[in-house]
Amino acid sequence: MIPRNVQITLVLLFVVVLVAGVYIVQLRRGTQENLRAAAEDRVVAPPENGNRESVKLTIAYDDDGVFRSRLTNGVLPEESEARAKAILQLLIDQYVSRPSPHPLAAGSAVKTVFLVNEKLAVLDLNEEFAEAHRSGIMVEDFTVLSLIDTLASNLPRLEQVKFLVDGKERETLAGHVDLKNIYNTAAVHKLVERLQ
């Protein structure tokens, strides 16, 4: 005959194993649903149309607290707004790849660029860009300044830049840098030059 305390222990172990099994099945089902939803949400990039051109990027280096210019090549569409978005994506690709001088989260992107009279650019960042951005005055400043100066370096008529996140105005990027502001590209360029 099995002692009563051993019987209770065996029953409790059985219940724990059963509950753990149900939990693992639920967790696996939830993960599969999340993967399926992510696959459905994934945006398929259109085929590259345009010419391969040289693009000047303003790269932020967090450890050194400086900006450096870098020339790269990319396929740029003829249409102005698509061209601006492609230029910014080349910059973001530098930050998303590892190791990165200024890390951004995977999935960070510019959804759309709206150009008004070729002088004002409204950048609509995706939610991942802002939600996963590191918080801190310098890293947030460096992101905003880098995006603005890269765009202005390649679109010489550009005078101002405004930021949106997922189509809406947002107070800050990650708690510090003001995104409600309209940035003057000439003032940003002077600041970037001082930090080179």
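See the structure shown above.
We now turn to the structure provided with this report. (Residues numbered from 1 in each chain as written. Predicted model: local features only at pLDDT ≥ 70, side-chain atom pairs only at ≥ 80, totals over all residues. Heavy atoms only, no water.)

1. Observations regarding the packing of helix α2 (residues 80-96) against helix α4 (residues 137-154)
Step number 1: Orientation of α2 relative to α4, taken along the N-to-C sense of each, is 135 degrees, at an axis distance of 10 Å. By the angle class used here, α2 and α4 are oblique. Regarding α2 and α4, the two cross each other, and that crossing is right-handed. Of α4, the residues touching α2 (which contributes A84, I87, L88, L91, I92 and Y95) are S146, L147, T150, L151 and N154.
Step number 2: For the contact of α2 with α4, the per-class residue count stands at 8 nonpolar, 3 polar and no charged. (Axes fitted to C-alpha atoms, helices over the stretch in contact; angles between N-to-C directions. Helix = DSSP H or I, 4+ residues; strand = E, 2+ residues; numbered from the N terminus. Parallel < 35°, antiparallel > 145°, perpendicular 65-115°, else oblique. Left-handed = near helix turned anticlockwise from the far one by under 90°. Contact = heavy atoms within 4.5 Å. Nonpolar A, V, L, I, M, F, W, Y, C, P; charged D, E, K, R; others polar.)

2. Quick notes on the nonpolar core
For soluble globular proteins, nonpolar side chains are generally found buried alongside one another.
Step number 1: Of all hydrophobic cores here, the largest spans 42 residues; its most connected members are V113, A121, L123, V144, L147, L151 and F163.
Step number 2: With 8 residues, the single largest contributor to this core is α2.
Step number 3: Sequence-distant contacts of V144, defined by excluding residues within four places in its chain, comprise F163, L173, V177, L179 and Y183. (Core = buried A, V, L, I, M, F, W, Y, C linked by side-chain atoms within 4.5 Å. Buried < 20%, exposed > 50% of the residue type's maximum accessible area, 1.4 Å probe, protein only.)

3. Considering the packing of α4 against helix α5 (residues 185-194)
Helix packing geometry: the angle between the two helix axes and the distance between the axes.
Step number 1: Orientation of α4 relative to α5, taken along the N-to-C sense of each, is 110 degrees, at an axis distance of 9 Å. Taken together, the axes of α4 and α5 lie roughly perpendicular to each other. Both α4 and α5 take part in a crossing whose hand is left-handed. From α4, L145, I148, D149 and A152 reach across to α5, where they touch T185, V188, H189, L191 and V192.
Step number 2: The class makeup of the residues in the contact of α4 with α5 is 6 nonpolar, 2 polar and 1 charged.

4. As for unusual backbone geometry
Step number 1: Of note, the amide linkage connecting R98 to P99 takes the cis form, showing an omega dihedral of -5 degrees.
Step number 2: Checked against the element boundaries, P99 lands in the loop between α2 and β3 (110-116).
Step number 3: For N117, which is not glycine, the phi dihedral falls at a positive 55 degrees.
Step number 4: Mapped onto the elements of the fold, N117 is located in the loop between β3 and β4 (120-125).
Step number 5: Given the relative accessible area of 62%, N117 is considered exposed.
Step number 6: For E118, which is not a glycine, the phi torsion comes out positive at approximately 60 degrees.
Step number 7: By the secondary structure assignment, E118 is in the loop between β3 and β4.
Step number 8: Judged by relative accessible area, which is 30%, E118 ranks as partly exposed.

5. A few points about the pattern of salt bridges
Step number 1: Overall, the coordinates contain 8 salt bridges when judged by the stated rule.
Step number 2: R134 serves as the salt-bridge partner of D62, at 2.7 Å between the closest nitrogen and oxygen. In this pair, D62 is assigned in the loop between β1 (51-61) and β2 (66-76) and R134 in the loop between α3 (127-131) and α4, connecting sequence segments 72 residues apart.
Step number 3: Classification of D62 as buried rests on a relative accessible area of 11%.
Step number 4: Here E169 and K162 are joined by a salt bridge, their closest N and O atoms 2.9 Å apart.
Step number 5: Via salt bridges that share partners, K162, E169 and K180 belong to a single interconnected network. (Salt bridge = Lys/Arg side-chain N within 4 Å of Asp/Glu carboxyl O.)

Such coordinate-based values are descriptive only and should not be taken to indicate function.
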